[in-house]
Structure formats: C-alpha cells, structure tokens
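Coordinates in review
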Amino acid sequence: FGRGENAHYRVTDVHAAFPQRLTLRVHWEGGVLPLRTRFIAEHFCLPVAAAVATALELGLDPQRVGEQVAQFEPLFSRGAAQKVPNGPTFLIDSVKAPLHSLGLALSSLDRAEAPYKRVVLGHISDYAGKADKTYRKAYQDARAIADEVIFVGEHAHRAAAPDQDRDSGQFREMRSVREAAEHIQATQRPDEVILIKGSSNLHLERIALALTRDVRCWEERCGQTRNCLSCGRYGIPFERHPEARAAQKRARRWWRRLLHKKPP
C-alpha cells in the first residue's frame with residue numbers, strides 16, 4: 001500500500017489544508033474508494049491506507065470501511081485539532097519530536113488557512129550533530145511560516161533568534177511550559193492556529209488544556225508517558241499526585257469488593 005504505481009492499494013488525490021481535513025482515494029482490484037477523514041495533514045494518508053488495506057483484505061464492506069474512517073477522531077496529542085470557544089485552534093503533536101518528523105508538522109501549519117499562525121516547539125530528538133545547529137535550523141523553518149515562534153524548555157536559547165525577531169515579538173524564549181501557557185492565554189486570538197510540537201517529556205499539551213480547564217500541575221519532569229488528558233491529574237498540583245493515586249487505588253479496591261460481594 002502507498003503512493004507507488006505498483007501498490008496493491010494505491011493512494012491518490014491526497015489533500016489537506018486545515019480546516020479542510022484529509023481526503024484521499026484508495027485504488028485496489030475491487031475498485032476505487034474515496035475517503036474523507038478527520039485528520040489535519042497529508043502525511044496521515046499512510047496510516048489511513050494501512051488501516052483500509054487491512055480492512056478490505058479481511059473482506060469488510062468498502063462502504064462500511066469508508067464510513068468508519070470518516071467517523072474516526074484523531075488521538076489527542078497525536079495530530080488532533082482542538083478548538084477553544086472564542087479562542088485559537090490548536091494542532092497538537094506533543095508525543096514525539098524526532099527531527100525527521102518536524103518538517104511534516106510544520107507543513108501542516110503552512111498549509112492551514114488562518115490569518116495568524118504560531119508555533120510552540122519543545123524538545124527535539126533523534127538528530128545527528130550538534131544541538132545548536134539543529135535548533136537553529138528548526139527556528140528558521142518555523143519562522144518562515146509562522147507569525148510568532150515560541151521555544152520552550154532548556155534548549156530554547158539554542159534557537160539563536162536574531163535581536164530584531166526578539167524585539168518585535170516574533171520569537172519568544174520560554175523556560176517553562178507554564179510561562180508559555182500564560183503567554184498564550186494573555187495573547188490568544190480567535191482567528192489563529194497554533195501548532196504545538198515537542199517530545200512528551202514536557203507535556204506541552206497543557207498549553208491548550210489551560211485555555212478550557214483549570215490546570216494546576218506544571219511539573220516539568222513528571223515522568224508520565226501518558227498525555228495529561230489521559231493521566232487526568234492536570235487539575236491537581238504535582239506534589240499531591242501520590243495522594244491522588246492512593247485515593248484512586250482505594251476506590252478501585254472498594255468497587256472490586258462491592259462487585260464480588262455475594263447477595264444475601
């Protein structure tokens with residue numbers, strides 16, 4: 001499967017330009033299946049094609065396959081779009097940030113149709129060579145498509161943004177996620193699209209969550225591999241997380257005893 005001419009399931013007519021979601025066609029020996037998805041960028045055509053090829057190989061009805069693809073919502077923090085009422089729209093990709101994927105994320109913002117665009121970038125991983133060169137190039141690429149670029153974390157200074165970008169506010173260096181969230185809250189616009197991209201260790205998704213929820217956990221290195229929405233403790237200060245986990249364990253034990261209790 002893929003875009004190759006000899007693929008058993010060949011992908012054509014790929015298009016995505018947010019808020020227009022990804023559409024594509026899959027050609028196979030049974031015909032042509034047009035697909036509409038909820039994904040925000042063209043590079044998601046590959047996993048869609050893999051899922052469709054699997055379903056059709058297993059003999060599922062093509063029309064049903066198309067309906068299921070159209071209904072599937074992208075996973076939070078893996079390329080999902082989150083619209084804040086009367087506020088910005090976030091494109092959240094905060095699970096991994098290997099260098100080779102950064103261009104795909106930036107491309108999704110570049111294609112987006114919006115009067116104002118921002119990039120929030122955290123840690124970059126899996127690159128060869130010096131960190132300074134990697135972050136400097138990442139800033140240059142982001143600056144070419146965004147009105148404002150925000151680097152977050154201990155490597156933020158490596159962007160090496162020129163003084164005129166700093167003075168004009170086109171570049172922001174934020175040492176903490178909380179600082180970046182407060183900046184976004186204070187400067188948010190209803191007509192903007194904000195790309196959040198970074199490795200999961202910083203949990204940059206809290207920047208988007210803070211605009212609709214009471215986020216009280218701002219720990220920089222919590223050690224959780226799940227995103228903050230799945231963790232569910234973003235509304236509890238980090239120092240109280242052990243207490244919250246203990247309470248959840250007690251509640252689960254209580255429910256298990258209740259469920260297994262024999263009726264009189």
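None of these values were measured; they are calculated from a predicted model.

Below, the discussion takes up the sheet that holds strand E5 (residues 89–93). Consider a sheet: its strands pair through backbone hydrogen bonds, and that pairing is either parallel or antiparallel. Strand order in this open sheet of six strands is E4-E5-E9-E6-E7-E8, and the pairing throughout is mixed. At either end of the open sheet lies a strand with only one pairing partner, and these are strand E4 (78–83) and strand E8 (171–174). Within this sheet the neighbouring strands show an average axis-to-axis angle of 15°, counted without direction. As defined by bridge partners, strand E6 (residues 116–121) adjoins strand E9 (residues 192–197) across six bridges and the pair is classed as parallel.

For the rest of this paragraph, the subject is a nonpolar patch on the surface. Together, Trp 254, Trp 255, Leu 258 and Leu 259 line one region of the surface with nonpolar side chains, adding up to about 480 Å² of accessible area. One can find Leu 259 in helix H9 (residues 241–260). The exposure class of Leu 259 is exposed, given its relative accessible area of 67%.

Within the largest apolar cluster, 48 residues are counted, with the highest numbers of intra-cluster contacts made by Leu 22, Leu 24, Leu 35, Val 48, Val 52, Val 119 and Phe 151. Every residue in contact with Phe 151, bar those within four places of it in the chain, is listed here: Leu 121, Tyr 135, Ala 138, Tyr 139, Ala 156, Ala 159, Phe 171, Arg 172, Glu 173 and Met 174. Judged by nonpolar contacts, the second largest core, of 25 residues, contains Phe 76, Ile 92, Val 120 and Val 177.

The next thing to look at is helix H3 (residues 99–111). The complete set of buried residues in H3 reads Ser 101, Leu 102, Ala 105, Leu 106, Ser 108 and Leu 109. For H3, the buried positions fall inside an angular range of 150° around the axis, keeping them on one side. For H3, the elements touching its buried residues are E5, E6, helix H4 (131–143) and E9.

Bringing the sheet that holds strand E1 (residues 10–17) into the picture now. The strand order across the open sheet built from three strands is E1-E2-E3, with neighbouring strands paired in antiparallel fashion. The open sheet has two free edges, formed respectively by E1 and strand E3 (31–36), since each of these has just one partner strand. Averaged over all neighbouring strand pairs, the angle between strand axes comes to 10°, with direction disregarded.

So, about the pairing of E5. By the criterion of burial, E5 is predominantly enclosed, with five of the five residues buried. Burial of the side chains of E5 extends over both faces: Thr 89, Leu 91 and Asp 93 are buried on one face and Phe 90 and Ile 92 on the other. Pairing between E4 and E5: five bridges, direction antiparallel. Each residue of the ladder has a partner; that of Arg 78, found in E5, is Asp 93. The loop that links E4 with its antiparallel partner E5 comprises five residues; one of these, Asn 86, has a positive phi angle of about 60°. Strand direction decides the pairing type here: E5 and E9, joined by five bridges, are parallel. Looking at the pairing, Ile 92 lines up with Ile 196 of E9.

Rules of the game
Along each chain, residues carry numbers from 1 onward, in the same order as the chain's sequence is written. Given that this is a predicted model, residues contribute local features only at a pLDDT of at least 70 and side-chain atom pairs are listed and counted only at 80 or more, while totals for whole chains, interfaces and linings are drawn from all residues. The basis for every side-chain value is the complete set of non-hydrogen atoms in the structure, without hydrogens or water. Criterion used throughout: strands pair if DSSP finds at least two bridges between them. Helix and strand labels come from DSSP, where a helix needs a run of H or I of at least four residues and a strand needs a run of E of at least two; each type is numbered from the N terminus. Whenever a helix is involved, its axis is fitted only over the stretch in contact; in every case the axis is a line through C-alpha atoms, and angles between N-to-C directions fall within 0 to 180 degrees. Candidate patch residues must exceed 30% relative accessible area and have no salt bridge, after which like charges are joined if within 9 Å and Val, Leu, Ile, Met, Phe, Trp or Tyr side chains if within 5 Å. Each accessible area is a Shrake-Rupley result for a 1.4 Å probe, and residues are judged covered by the shown protein chains and nothing else. Each salt bridge in this description consists of a side-chain nitrogen of Lys or Arg and a carboxyl oxygen of Asp or Glu lying within 4 Å of one another. Burial classes follow relative accessibility: with a 1.4 Å probe on protein chains only, a residue under 20% of its type's maximum area counts as buried, one over 50% as exposed, and anything between as partly exposed. Buried Ala, Val, Leu, Ile, Met, Phe, Trp, Tyr and Cys residues form a nonpolar core when they are joined through side-chain atoms within 4.5 Å. Throughout, a residue-residue contact means that at least one pair of heavy atoms, one from each residue, lies within 4.5 Å. Working note: the arc is built from the helix axis to C-beta atom directions.

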